[in-house]
Amino acid sequence: MATGGAPRSIMVTAALAALVTAGTLTGVAVLRHQSEAPSTLGAPAAAVPSGVTQCGAGSCQVVASQQVDGKTADLLADSNGDNGKLRVGGPGSPIVVETSTSNPRPRLNGESLSCVTASVSACLVRGPSQDWLIGQVVVSSGDNWRPAEASYLSDAGAITLHNVLGDDAPELIVAKKAPCASPAACRSAPVYAQVYDLTGTSLGCTRQHQAASALRGWPDIAPVPSDVRSECP
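Residues numbered from 1 in each chain as written. Predicted model: local features only at pLDDT ≥ 70, side-chain atom pairs only at ≥ 80, totals over all residues. Heavy atoms only, no water.

Participant: Sorry, what's going on with the overall build of the protein here?
Facilitator: Across its full length, the protein holds two helices and 14 strands. Residues classed as buried in the protein amount to 50% of the 233 residues present. In the protein, once contacts between residues fewer than 6 apart in sequence are set aside, the share between residues at least 24 apart is 48%. A total accessible area of about 10100 Å² is found for the protein, and carbon and sulfur atoms account for 52% of it. (Helix = DSSP H or I, 4+ residues; strand = E, 2+ residues; numbered from the N terminus. Buried < 20%, exposed > 50% of the residue type's maximum accessible area, 1.4 Å probe, protein only. Contact = heavy atoms within 4.5 Å. Areas by Shrake-Rupley, 256 points an atom, 1.4 Å probe, with all protein chains shown as cover.)

As structure tokens, this is what we get:
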């Protein structure tokens, strides 16, 4: 989202620096592309009383569910789709991870949860916030699940979780608009997908397309290894 004034590249750098160092988003700062940004995993999910009922000041409700590692993963949120938690193992499970940690926080809905079972399994929690789609990933570690500190931003409407490389863990795929010099230019900017491993390290990008719908699998973007190049815009 741009408001005129400083060149786009300056705004990109400012937003990325805040994201990497703080692990959060800086309000309405504009990010058009995210370069390599390694992150670490947070502490193991703390055990909570059986039958979690509170999401913020409101009661939790199940927003979406997926199967992962032979268990049910439930995305919980309040009635506004806020104060999200990921519960793995069904009602009564002690594995509950806070997911609404970015600022601004995404609004969660029935399309917000995606999980992949692998040697290192993961779940992606994503939702809209203003002009962005914001994603956070929660990674399995033995019997524990840990939130990754990095958040992911898409200004092109898609963040997905797929095993792109066919290895022991899935990758994050983020649709982005190419760098642009003005709000008018950004509206028609080409779109590409950037691929990250679960630590937040960039693995490369696809080529640019004039329409997001040209990205392989759109809107559930799923590039193959031959789509991913080391260079990113």
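And the narrative resumes.
Participant: What should I look at first to understand the sheet that holds strand 9 (residues 132–141) in this one?
Facilitator: Strands belonging to one sheet form pairs held by backbone hydrogen bonds; the direction of such a pair is parallel or antiparallel. Judged by pairing direction, the sheet is antiparallel, and its four strands sit side by side in the order 7-8-9-10 without closing on themselves. The sheet terminates laterally at strand 7 (113–116) and strand 10 (144–154), the two strands that pair on one side only. Sheet twist, expressed as the mean angle between neighbouring strand axes with direction ignored, is 20°. (Pairing = 2+ DSSP bridges. Axes fitted to C-alpha atoms, helices over the stretch in contact; angles between N-to-C directions.)

Participant: What should I look at first to understand the side chain of S112 in this one?
Facilitator: Within the secondary structure, S112 is located in the loop between strand 6 (96–98) and strand 7. In terms of polar contacts, S112 uses its side chain to reach the backbone amide nitrogen of N109, at 2.8 Å. Leaving out residues up to four positions away in the same chain, S112 has contacts with L75, R107, L124, V125, R126 and G127. (Polar contact = N/O pair within 3.5 Å; in protein donor to acceptor, adjacent residues only side chain to side chain.)

Participant: It is not clear to me how the state of the cysteines should be interpreted in this structure. Could you clarify?
Facilitator: Such a bond, covalent and formed between the sulfur atoms of two cysteines, is termed a disulfide. The final tally for this structure, using the stated rule, is four disulfides. The residue that forms a disulfide with C55 is C60, at a sulfur-sulfur distance of 1.9 Å. Taking the torsion about the sulfur-sulfur bond, which here is approximately 100°, the covalent link between C55 and C60 counts as right-handed. Relative accessible area serves as the criterion here: at 18%, C60 is assigned to the buried category. Sequence-ordered numbering of the bonded cysteines in the protein yields a pairing of 1-2, 3-4, 5-6, 7-8. (Disulfide = S-S within 2.5 Å.)

Participant: Before we go on, may I ask you to explain the pairing of strand 5 (residues 85–88) in this structure?
Facilitator: Two faces make up the sheet, and in a regular strand the side chains alternate between them. In strand 5, alternate side chains face the same way, and those of K85 and R87 on one face and L86 and V88 on the other are all buried. Inspection of the sheet shows strand 4 (residues 71–77) paired to strand 5 by four bridges, in the antiparallel sense. By the bridge assignment, A73 is partnered in strand 5 with V88. Here three bridges tie strand 5 to strand 6, and the two strands are oriented antiparallel to one another. Each bridged residue has a counterpart across the sheet, and for L86 the counterpart in strand 6 is V97.

Participant: Sorry if this is basic, but what is going on with the pairing of strand 13 (residues 191–196) here?
Facilitator: Counting buried positions along strand 13 yields six of six residues, so the element is predominantly enclosed. Side-chain alternation along strand 13 places V191, A193 and V195 on one buried face and Y192, Q194 and Y196 on a second face that is also buried. As paired elements, strand 12 (residues 171–177) and strand 13 share six bridges and run antiparallel to each other. For L172, the partnering residue across the bridge sits in strand 13 and is Y196. As paired elements, strand 13 and strand 14 (residues 202–205) share three bridges and run antiparallel to each other. The residue bridging Q194 from the neighbouring strand is C205, located in strand 14. Connecting strand 13 to the next strand, strand 14, in antiparallel fashion are five residues, including G200 with a positive phi near 95°.

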